[in-house]
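Descriptive structure summary
Chain by chain, the residues:
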Amino acid sequence: MNRRLYIYAGVPLFVLLSCGSVLESIFGSSVLVVSSMLLVVAWGLVWMRLYHRQSHPEVAVLMILPFAAYYVVHQTGSPVFSTYPSWANLYALSWIAFMAVGIYSMLPDRSSDGSMPNWRRDPVFLLMVPLIIIFSVSCFVNYYSALTAG
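Here we summarise the structure given alongside this text. Keep in mind that this is a model prediction, so the values were computed, not measured.

We now examine the environment of Val 129. Examined against the element boundaries, Val 129 turns out to sit in helix H7 (residues 123-148). Looking at Val 129, the relative accessible area reads 18%, which means it is buried. When the C-alpha positions of Val 129 and Leu 107 are compared, they lie 9.6 Å apart, and in sequence the two are 22 residues distant.

Tallied over the full model, the rule gives 15 aromatic pairs. With a centroid separation of 6.3 Å and 90° between ring planes, the pair formed by Tyr 91 and Trp 95 is classed as edge-to-face. Of this pair, Tyr 91 and Trp 95 both sit in helix H6 (residues 87-105), four residues apart, roughly one helical turn. We classify Trp 95 as buried; its relative accessible area is 2%. Both rings, one in Phe 98 and one in Phe 135, keep their centres 6.0 Å apart while their planes meet at 40°; by these two values the pair is tilted.

Phe 14, Leu 17, Val 46, Phe 67, Tyr 71 and Tyr 91 are the most contacted members of the largest nonpolar core, which totals 40 residues. Of all the secondary structure elements, the ones that give two or more residues to this core are helix H1 (3-17), helix H3 (31-52), helix H4 (61-76), H6 and H7. When residues in this core are grouped by element, the largest group, nine residues, is from H7. Not counting residues up to four positions away in its chain, the partners in contact with Leu 17 are Ser 35, Leu 38, Leu 39, Ala 42, Phe 67, Tyr 71 and Tyr 143.

Opposite charge on two side chains permits pairing when their charged atoms draw close. Here the structure, examined in full by the defined rule, presents two salt bridges. Here Asp 122 and Arg 3 are joined by a salt bridge, their closest N and O atoms 2.5 Å apart. Taken together, the positions of Asp 122 in the loop between H6 and H7 and Arg 3 in helix H1 put the pair 119 residues apart, joining distant regions of the chain. With a relative accessible area of 12%, Asp 122 lands in the buried category. Note that Arg 49 and Asp 109 form a salt bridge whose closest N and O atoms lie 2.6 Å from each other. In this pair, Arg 49 sits in helix H3 while Asp 109 sits in the loop between H6 and H7, placing the two residues 60 residues apart along the sequence. Taking the relative accessible area as the measure of exposure, Arg 49 reaches 0% and is therefore buried. We classify Asp 109 as partly exposed; its relative accessible area is 27%.

Taking 1.5 Å as the rise per residue, H7 with 26 residues should run 38 Å; its terminal C-alpha atoms sit 38 Å apart, in good agreement. At its buried positions, H7 is contacted by H1, helix H2 (20-27), H4, helix H5 (80-83) and H6.

All right, on to a nonpolar patch on the surface then. Residues Trp 43, Trp 47, Met 48, Tyr 51 and Val 61 make up a contiguous nonpolar surface patch of roughly 480 Å² in combined accessible area. With four residues, the top contributor of residues to the nonpolar patch is H3. The residue Val 61 is located in helix H4 in this model.

Cut-offs used in this document
- Residues numbered from 1 in each chain as written.
- Predicted model: local features only at pLDDT ≥ 70, side-chain atom pairs only at ≥ 80, totals over all residues.
- Heavy atoms only, no water.
- Helix = DSSP H or I, 4+ residues; strand = E, 2+ residues; numbered from the N terminus.
- Buried < 20%, exposed > 50% of the residue type's maximum accessible area, 1.4 Å probe, protein only.
- Phe/Tyr/Trp six-rings, centres within 6.5 Å; stacked < 30°, edge-to-face > 60°.
- Core = buried A, V, L, I, M, F, W, Y, C linked by side-chain atoms within 4.5 Å.
- Contact = heavy atoms within 4.5 Å.
- Salt bridge = Lys/Arg side-chain N within 4 Å of Asp/Glu carboxyl O.
- Expected span 1.5 Å × (residues − 1).
- Patch = residues over 30% accessible without salt bridge, like charges linked within 9 Å, V, L, I, M, F, W, Y side chains within 5 Å.
- Areas by Shrake-Rupley, 256 points an atom, 1.4 Å probe, with all protein chains shown as cover.

Keep in mind these numbers describe shape, not what the thing actually does.
Structure representation (structure tokens):
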């Protein structure tokens, strides 16, 4: 999968996944089913991008892990984050893994001769890296506050 198609499909999908309270208000109690379907599509999208780059597609699951944790914990009403604050460290690490895989998946594709282009001169990569970092931090803050609100 080329990077342009990956960005055009992935950005709206991950933004939709980050709208947890909106999805809950629209779908009610069936939001876990809807979010699970969206998570599978997001995982497949990242998996195809990493497979196309001939890297490790198995790490694509790290891109959906923080969203899955939010939807499962929030829908089941589990007080795990407010009762055991040490889980916040693991949740923060899952968002850091999301950032790392997201940035790695944004690296430019190999050129026709097999060499890697210079990522320092790639405008798409340089634009997407701060956006991924800001998105990850804002999602962590919003979702963690929603999970600990009790």
